[in-house]
Protein chains: 2
Amino acid sequence: MTFVSIREVAPRDGLQNEDPVPADGKVELIDALSRTGVRRIEAVSFVHPKAIPQMADADEVWSRITRNPDVRYSALIPNTRGAQRALAAGFSEIEVVVSASDTHNRRNLNRSTDESLDDIAALIPLVHEAGGTLEVIVATSFGCPYEGDIAPERVAGIVARVRADGADRIAFGDTTGMATPRRVRDLLAEVRPDLLHFHNTRGTGLANIVTALELGVTEFDASAGGLGGCPYAPGASGNVATEEVVHMLHDMGFDTGIDLDRLIEAAELAERLVGRPLPSGVLRAGPRTRLV
Amino acid sequence: MTFVSIREVAPRDGLQNEDPVPADGKVELIDALSRTGVRRIEAVSFVHPKAIPQMADADEVWSRITRNPDVRYSALIPNTRGAQRALAAGFSEIEVVVSASDTHNRRNLNRSTDESLDDIAALIPLVHEAGGTLEVIVATSFGCPYEGDIAPERVAGIVARVRADGADRIAFGDTTGMATPRRVRDLLAEVRPDLLHFHNTRGTGLANIVTALELGVTEFDASAGGLGGCPYAPGASGNVATEEVVHMLHDMGFDTGIDLDRLIEAAELAERLVGRPLPSGVLRAGPRTRLV
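Residues numbered from 1 in each chain as written. Chains lettered and ligands numbered in written order. Predicted model: local features only at pLDDT ≥ 70, side-chain atom pairs only at ≥ 80, totals over all residues. Heavy atoms only, no water.

What follows concerns helix α2 (residues 23-34) of chain B. All names here are of chain B. Under the 1.5 Å per step criterion, the end-to-end length of α2 is 16 Å for 12 residues, consistent within 8% with the ideal 16 Å. Counting buried positions along α2 yields 10 of 12 residues, so the element is predominantly enclosed. Considered for burial, the residues of α2 that qualify are Ala23, Gly25, Lys26, Val27, Leu29, Ile30, Asp31, Ala32, Leu33 and Ser34. As for α2, its buried residues are in contact with β1 (5-8), α1 (10-16), β2 (40-45), α3 (58-64), β3 (72-76) and α11 (260-274). (Helix = DSSP H or I, 4+ residues; strand = E, 2+ residues; numbered from the N terminus. Expected span 1.5 Å × (residues − 1). Buried < 20%, exposed > 50% of the residue type's maximum accessible area, 1.4 Å probe, protein only. Contact = heavy atoms within 4.5 Å.)

This is the structure in structure tokens:
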């Protein structure tokens, strides 16, 4: 049975795109997720509190959770200051984002993609000297809401640059849900990531995961309940829902190590924390094995 | 470019599972859909008005629509009386449902699967004598909400019986969204339909379609806006949304003959008719080509 590694991103990527949730709720959610059997959790980000108030309490949340020794926790950082905070807090798995689209990178990070790549090159030795690893998430890898299609060669160039600079891992982000199975095949024919991060904005999230599995990728991000809306389309879905991904993978014979019932309970908690129905079919209808 | 044939089922399957919509709205929806380029529309069902009041005005709706000569319209019927009404109204493409699950068939049609198969055997010559064709939709082909998994051999037995009795076409219905790519492969390895009808209840709708396309099936039902909820799970999705299916297929290089912008307008109309947000990502976020 092939093992598929899920990284649960609801506490960071999910909650960062929702109205602020108190630290108590974040701690409860991370702890609930860490009891599902999931092996990796993106726990917090160390960003400027004025830029992203949702994550202002990252240090408090991280200090209060009950750490599960079987779970690897990671933190997202935007710059050197964030990396220093994450390392000081004891994180060894650090993530940083750069966008394949220059326009998106400027809107998101106020600098060109090339400037961000220079920043990342400077960041890598700092993380390595502290004993950490750096994952580079290439945002808008499957398309940009400002520029449209992104050439696979463009993504491949960024990957070559950050690998040469010493990046430990590469993820491709489908930032606004523009991937389809065709785009997955086109990009992976050109360059391969360690992990894929799909959004379900246009309904293709699970189809993209199935396609990527056929191509040999076995690491995916997902967010309990599909937590985290799409900032470009009010009311639209963002991240693929972890319980939809796990439900499908288990029925297809893949092992994730995750207890689906506990995961659904964690997604129910996520729904209570944000106070609105989350876009997850398995959360609404239950797994296919739940009979009337 | 491979042609994928979509049958639009929002006017019948969709509206039948919503609060009743006036005849004016049904006529407007069918006419809007018939201008999208879609080649087939499931327009109405001829059922007892006490059993399904949503379709009580089938004759009126059918008489008032503007028929597009490029569109094949079909009607669903439950029994001989319904078939007589459909044929009298001028339909030549008739559909009838039988459930692979005996329990589901009894709950839905108040008779065993075998009794329904006998009814269908009697129905086929009646339809043929009037110059019509009969499609048999095998419901719960990928699982039953009462019985659980349905053996592919069970579905194959039903297909063999109705083909021997003269059925013109076979469809497999994923009545409550229990299909996954694994179930699609398992069933299609045993027996092949002309058309597949998937629900997106647990998020796997498009993944199932991609899998079926890889196996050579090129006819699918879909419902504008994802109209038609899941009767077994309040708030859950039912039919796959036509615009999500078409959006993905076009990006993958398939031809459907459908104008996606017109289809989204028809889905917006469907949303206004039922007065609630429909579960369609492409309806919310627009196609991936719509830039900020």
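With that settled, consider the environment of Val27(B). Residues and elements named next belong to chain B. Relative to the elements of secondary structure, Val27 occurs in helix α2. Sequence separation between Val27 and Ala43 is 16 residues, and the spatial gap between their C-alpha atoms is 9.4 Å. Non-local contacts of Val27, meaning those with residues more than four positions away in its chain, are made with Val61, Arg64 and Ile65.

Let us now look at unusual backbone geometry. In this model, Thr140(A) sits at a positive phi of 55°, which is unusual for a non-glycine residue. For Thr140(A), the location among the structural elements is in the loop between β5 (133-139) and α7 (152-164). Residues other than glycine seldom take positive phi values, yet Asn110(B) does so here, at roughly 60°. Among the structural elements, Asn110(B) can be located in the loop between α5 (102-109) and α6 (113-129). Taking the relative accessible area as the measure of exposure, Asn110(B) reaches 71% and is therefore exposed.

Residue and element names in this part refer to chain A. Following the sequence through the fold, Gln16 ends up in helix α1 (residues 10-16). Residue class for Gln16 comes out buried when judged on its relative accessible area of 13%. Polar contacts involving the side chain of Gln16 include one to the side chain of Ser45, which spans 3.1 Å. (Polar contact = N/O pair within 3.5 Å; in protein donor to acceptor, adjacent residues only side chain to side chain.)

Okay, the interface of chain A and chain B next. Contact residues are listed per partner, giving 39 residues for chain A and 39 residues for chain B. At the boundary of chain A with chain B, total buried surface from both sides reaches about 3100 Å², with 58% on carbon and sulfur atoms. Per-residue buried area on chain A facing chain B is highest for Arg202(A), Arg288(A) and Val292(A); these three make up 24% of the total on that side. Counting every contact that joins chain A to chain B gives eight salt bridges. Across the pair Arg288(B) and Asp149(A) runs a salt bridge, and its minimum N-O distance is 2.9 Å. The interface formed by chain A and chain B includes 16 residue pairs in polar contact (both at pLDDT 80 or more). For the side of chain A that touches chain B, the elements supplying multiple residues, two or more each, are α8 (181-190), α9 (205-214), α10 (242-251) and α12 (281-285) of chain A. Taken together, the residues that form the side of chain A that touches chain B break down as 19 nonpolar, nine polar and 11 charged. (Buried area = accessible area lost by both parts, 1.4 Å probe. Salt bridge = Lys/Arg side-chain N within 4 Å of Asp/Glu carboxyl O. Nonpolar A, V, L, I, M, F, W, Y, C, P; charged D, E, K, R; others polar.)

The subject of this paragraph is the relation of the copies chain A and chain B. In screw terms, the move from chain A to chain B is a rotation of 180° and a rise of 0.0 Å along the axis, fitting with an RMSD of 0.0 Å. A rotation of that kind, with that shift, is consistent with a two-fold axis. Within chain A, the C-alpha atom positioned nearest to the axis of rotation is that of Ala207(A), 1.9 Å from it. When the interface residues of chain A are mapped onto chain B, 100% of them again fall at the interface, so both copies present the same face. (Least-squares fit on C-alpha atoms with pLDDT ≥ 70 in both.)

Within the largest apolar cluster, 183 residues are counted, with the highest numbers of intra-cluster contacts made by Phe91(A), Phe172(A) and Phe172(B). Residue contributions to this core reach at least three from each of two domains, namely domain 1 (1-76 + 235-292) and domain 2 (92-218) of chain B. (Core = buried A, V, L, I, M, F, W, Y, C linked by side-chain atoms within 4.5 Å. Domains from an automatic or database assignment.)

Turning our attention to the packing of α10(A) against helix α11 (residues 260-274) of chain A. Residue and element names in this part refer to chain A. As a packed pair, α10 and α11 sit with axes 9 Å apart at the nearest point and diverge in direction by 165°. Judged by the inter-axis angle, α10 sits roughly antiparallel to α11. Considering how the two elements wind past one another, α10 and α11 form a crossing that is left-handed. In this structure, α10 contributes Thr242, Glu243, Val246 and His247 to the contact, and α11 contributes Leu260, Leu263, Ile264 and Ala267. (Axes fitted to C-alpha atoms, helices over the stretch in contact; angles between N-to-C directions. Parallel < 35°, antiparallel > 145°, perpendicular 65-115°, else oblique. Left-handed = near helix turned anticlockwise from the far one by under 90°.)

A grouping of Asp259(A), Asp261(A), Glu265(A) and Glu268(A) is seen on the molecular surface, where their side chains present a negatively charged patch. Mapped onto the elements, Asp259(A) comes out in the loop between α10 and α11. (Patch = residues over 30% accessible without salt bridge, like charges linked within 9 Å, V, L, I, M, F, W, Y side chains within 5 Å. Areas by Shrake-Rupley, 256 points an atom, 1.4 Å probe, with all protein chains shown as cover. Lys, Arg positive; Asp, Glu negative; His and termini not counted. Charge placed at Lys NZ, Arg CZ, Asp CG, Glu CD.)

In this section: the packing of aromatic side chains. Enumeration over the complete set of coordinates arrives at eight aromatic pairs over all chains. When the centroid spacing of 5.5 Å and the interplanar angle of 45° are considered together, the rings of Phe142(B) and Phe198(B) count as tilted. Remark: Phe198(B) occurs in the loop between β7 (195-197) and α9 (205-214) and Phe142(B) occurs in the loop between β5 (133-139) and α7 (152-164); sequence separation between them is 56 residues. Judged on exposure class, the residue Phe142(B) and its partner Phe198(B) are both buried. Members of the aromatic cluster, connected to one another through ring pairs, are Phe46(A), Trp62(A), Tyr73(A) and Phe91(A). One residue, Arg107(A), lies across the ring of Tyr146(A), its end atom 4.3 Å from the ring centre. (Phe/Tyr/Trp six-rings, centres within 6.5 Å; stacked < 30°, edge-to-face > 60°. Lys NZ or Arg CZ within 6 Å of the ring centre and 35° of its normal.)

It is worth spelling out the pattern of salt bridges at this point. Per the stated rule, a full pass over the model turns up 56 salt bridges over all chains. With its nearest N and O atoms 2.9 Å apart, the salt bridge here joins Arg169(B) to Glu219(B). On the criterion of sequence distance, the pair formed by Arg169(B) in strand β6 (residues 169-173) and Glu219(B) in strand β8 (residues 219-222) is long-range, its members being 50 residues apart. Of the two residues, Arg169(B) and Glu219(B), neither departs from the other in class, the shared state being buried. Salt bridges linked by common partners bring Arg7(A), Arg40(A), Glu95(A), Glu135(A), Arg169(A), Glu219(A) and Asp221(A) together as one network.

Quick look at the environment of Val246(B) now. Residue and element names in this part refer to chain B. Relative to the helices and strands, Val246 resides in helix α10 (residues 242-251). Since its relative accessible area comes to 0%, Val246 is described here as buried. Expressed as a C-alpha distance, the spacing of Val246 and Ala100, which sit 146 residues apart in the sequence, is 29 Å. Sequence-distant contacts of Val246, defined by excluding residues within four places in its chain, comprise Ile6, Thr256, Ile258, Leu260 and Leu263.

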